[in-house]
2 protein chains.
Amino acid sequence: MNNATILVIDDEVQIRKLLQITLESNDYKVIQASTAKEGMITTASHPPDLILLDLGLPDDSGHHVLQQLRAWYTKPIIILSVQSSEEDIVKALDNGANDYLVKPFRTGELLARIRSAIRGNLSEENDPVIDCGSLQIDLLARIVKKNNEIIKLTTTEYTLLCMLVKNEGKVLTHHYLLREVWGPGYINQSQYLRVFIAQLRKKIEDDANRPVHIVTESGVGYRFTAT
Amino acid sequence: MNNATILVIDDEVQIRKLLQITLESNDYKVIQASTAKEGMITTASHPPDLILLDLGLPDDSGHHVLQQLRAWYTKPIIILSVQSSEEDIVKALDNGANDYLVKPFRTGELLARIRSAIRGNLSEENDPVIDCGSLQIDLLARIVKKNNEIIKLTTTEYTLLCMLVKNEGKVLTHHYLLREVWGPGYINQSQYLRVFIAQLRKKIEDDANRPVHIVTESGVGYRFTAT
DNA sequence: TTTTCTTTATAAAATCTTTATACAGCCGGG
DNA sequence: CCCGGCTGTATAAAGATTTTATAAAGAAAA
């Protein structure tokens, strides 16, 4: 009936069990992850239709996980957290969470909020595939094809390409890209950026010496052009 | 900056005042309605970008109002209610509400949830583009086009052009331009200015010898004309 | 082990600064 | 009137500096 896939990222096994039973009895397909790392990998390998994310993960800050996911994952993310402080809620929502429920939550309300989130997302059902002639990028499926052949990109390369593609046409500054891809502590490591831009060009440009898609704006940053 | 219009439907005048002050100080435009009927009419005559709806209206059930609105209104509706029962929340969400906050609410959280709701709804908005006939300047994307072709400008050239364009029609003195573009220590280097004005003209004017956009005001400075 | 990321090094390219030269208009004296 | 010096301007081009591209080696992670 429903068949939407929901990924539960939570370290408490009881919560995961409860959610699995609740969700499956409402015809959702449930997959699980118990750590931030596992959650990221699962999201990448089997992109779900919605993510339930606990902020209190053992191996990484939930807010950081959210930011990382939102770099490319566009479907709903609902936060489940014992933290009820306004600061946490505002931060999570501004980082791209669609909703925030404080534990313990009422299952009926959770289900209603899941329905609401999925409903709101239904309109843009198909994967956003960016097509630039010989180059095709499916942000959600995390697949990049050139001349119909899948190109293997490393995590960093993919994140960087996502940032550029999502802001197609705009010039992104070195600082911005470094902050979004590597983190705020790396805004002066322009060299990292150059290295990875060069690698991306070698992989996606027809002629890396005459880049068409990834254009450098000297002294400012880089820009992605689709055409 | 923001300019999204928010309609507040609530019968308590204190709540409306509070919301008006809170929202307006966050650059939203606020319109109000104190009854269900008034709310419906206002929504129809001036469709807002988001509705804050109180469930406890004097003249009609809030759930009924929500259903009526959702018959045609597609933008976000956030419920504000003193009712915290699961039944009410589930009903409201399933009737098409995007979110549900229990009164008394925290203003920071409300604002974050409003941002989240509007964010999810915003369609392909493109940047404000300054259009001067064959010349187009997108300040946000940092892109200058002439006859729809992207012109490559260096950092200094772009900064200088920005100063001129932002003060379109006004004469900017040598001193002013030098101070703004190069810094206060360069106000006597008129030569720099001449060099870069010449380069800009070569790039954006149809005929650099007969400049139309960048006009020199002898003895004073330069002026940018859009037409 | 293999892959990926970080770091270092160096050559090449782009940009900015600086200098040089040319032109046009203006004014006063011859 | 006309000519030379003056001022303000335009443009080219050489040099200096900054920024970028790329390879490759070492470190870390899978």
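Our subject is the structure listed above.
Residues numbered from 1 in each chain as written. Chains lettered and ligands numbered in written order. Predicted model: local features only at pLDDT ≥ 70, side-chain atom pairs only at ≥ 80, totals over all residues. Heavy atoms only, no water.

Considerations on the protein's contact with DNA strand D
Moving on, step 1. Near DNA strand D, the surroundings consist of 28 residues, among which Arg194, Gly219 and Tyr222 of chain A together with Thr216 and Gly219 of chain B are the closest.
Moving on, step 2. Here a base oxygen of DNA strand D and a side-chain polar atom of Gln191 of chain A are 2.9 Å apart.
Moving on, step 3. Within the side chain of Arg194 of chain B, one N or O atom sits 3.1 Å away from a phosphate oxygen of DNA strand D.
Moving on, step 4. Of all elements in the fold, only helix H8 (190-204) and strand S11 (214-217) of chain A together with helix H8 (190-204) and strand S11 (214-217) of chain B reach the threshold of two or more residues within the surface near DNA strand D.
Moving on, step 5. For the surface near DNA strand D, the leading source of residues is H8 of chain B, giving 6 residues.
Moving on, step 6. Here the residues of the surface near DNA strand D sort into 7 nonpolar, 12 polar and 9 charged. (Near = heavy atom within 4 Å. Polar contact = N/O pair within 3.5 Å; in protein donor to acceptor, adjacent residues only side chain to side chain. Helix = DSSP H or I, 4+ residues; strand = E, 2+ residues; numbered from the N terminus. Nonpolar A, V, L, I, M, F, W, Y, C, P; charged D, E, K, R; others polar.)

So, the protein's contact with DNA strand C
Moving on, step 1. For DNA strand C, the set of nearby residues contains 17 residues, the closest of which are Thr154, Thr156 and Tyr192 of chain A together with Thr156 and Tyr192 of chain B.
Moving on, step 2. When atoms of DNA strand C within 4 Å of the protein are sorted by moiety, sugar and phosphate together comprise 79%.
Moving on, step 3. Interatomic distance of 2.9 Å between a side-chain N/O atom of Trp182 of chain A and a phosphate oxygen of DNA strand C.
Moving on, step 4. Contact between DNA strand C and Gln191 of chain A: a base nitrogen at 2.8 Å from a side-chain N or O atom of the residue.
Moving on, step 5. For the surface near DNA strand C, the secondary-structure elements that each account for two or more residues are helix H6 (155-166) and H8 of chain A together with helix H6 (155-166) and H8 of chain B.

Digging into unusual backbone geometry
Residue and element names in this part refer to chain A.
Moving on, step 1. The omega angle of the peptide bond from Lys103 to Pro104 is -5°, so this bond is cis rather than trans.
Moving on, step 2. Of note, Asp27 is a non-glycine position whose phi angle comes to about 70°, a positive value.
Moving on, step 3. If you trace the backbone, Asp27 turns up in the loop between helix H1 (13-24) and strand S2 (29-33).
Moving on, step 4. One non-glycine residue with positive phi stands out, namely Asn148, at about 65°.

With respect to the sheet that holds strand S4 (residues 77-81) of chain B
All names here are of chain B.
Moving on, step 1. If you trace the 5 strands from one edge of the open sheet to the other, you get S2-S1-S3-S4-S5, paired in parallel fashion. Every other strand in the sheet has two partners, leaving strand S2 (29-33) and strand S5 (99-102) as the edge strands with one partner each. Put simply, the sheet's adjacent strands are angled 20° from each other on average, direction ignored.
Moving on, step 2. Pairing of strand S1 (residues 5-9) with S2 involves 5 bridges; the strand directions are parallel. Its bridge partner lying in S2, Leu7 is registered against Ile31.
Moving on, step 3. Docked against the sheet, helix H5 (residues 107-121) engages S1, strand S3 (50-54), S4 and S5, running at close to 135° with respect to S3. (Pairing = 2+ DSSP bridges. Axes fitted to C-alpha atoms, helices over the stretch in contact; angles between N-to-C directions. Contact = heavy atoms within 4.5 Å.)

Considerations on the packing of aromatic side chains
Moving on, step 1. A full pass over the atoms with the stated rule returns 8 aromatic pairs over all chains.
Moving on, step 2. Where Trp182 of chain A meets Tyr192 of chain A, the ring centres are 6.1 Å apart and the plane angle is 55°; that geometry is what we call tilted. Of this pair, Trp182 of chain A sits in the loop between helix H7 (174-181) and H8 while Tyr192 of chain A sits in helix H8, and the two are 10 residues apart along the sequence.
Moving on, step 3. Overall, Tyr192 of chain A belongs to the partly exposed group, its relative accessible area being 34%.
Moving on, step 4. Three or more aromatic residues link up through ring pairs in this structure, and these residues are Trp182, Tyr186, Tyr192 and Phe196 of chain A.
Moving on, step 5. Just above the ring of Tyr158 of chain B sits the side chain of Arg142 of chain B; from NZ or CZ to the centre is 4.4 Å. (Phe/Tyr/Trp six-rings, centres within 6.5 Å; stacked < 30°, edge-to-face > 60°. Buried < 20%, exposed > 50% of the residue type's maximum accessible area, 1.4 Å probe, protein only. Lys NZ or Arg CZ within 6 Å of the ring centre and 35° of its normal.)

Regarding the side chain of Thr22 of chain B
Residues and elements named next belong to chain B.
Moving on, step 1. Here Thr22 lies in helix H1 (residues 13-24).
Moving on, step 2. Within polar-contact distance, the side chain of Thr22 engages the backbone oxygen of Leu18 at 2.7 Å.
Moving on, step 3. Setting aside anything within four residues of it in sequence, one finds Thr22 in contact with Thr107 and Leu111.

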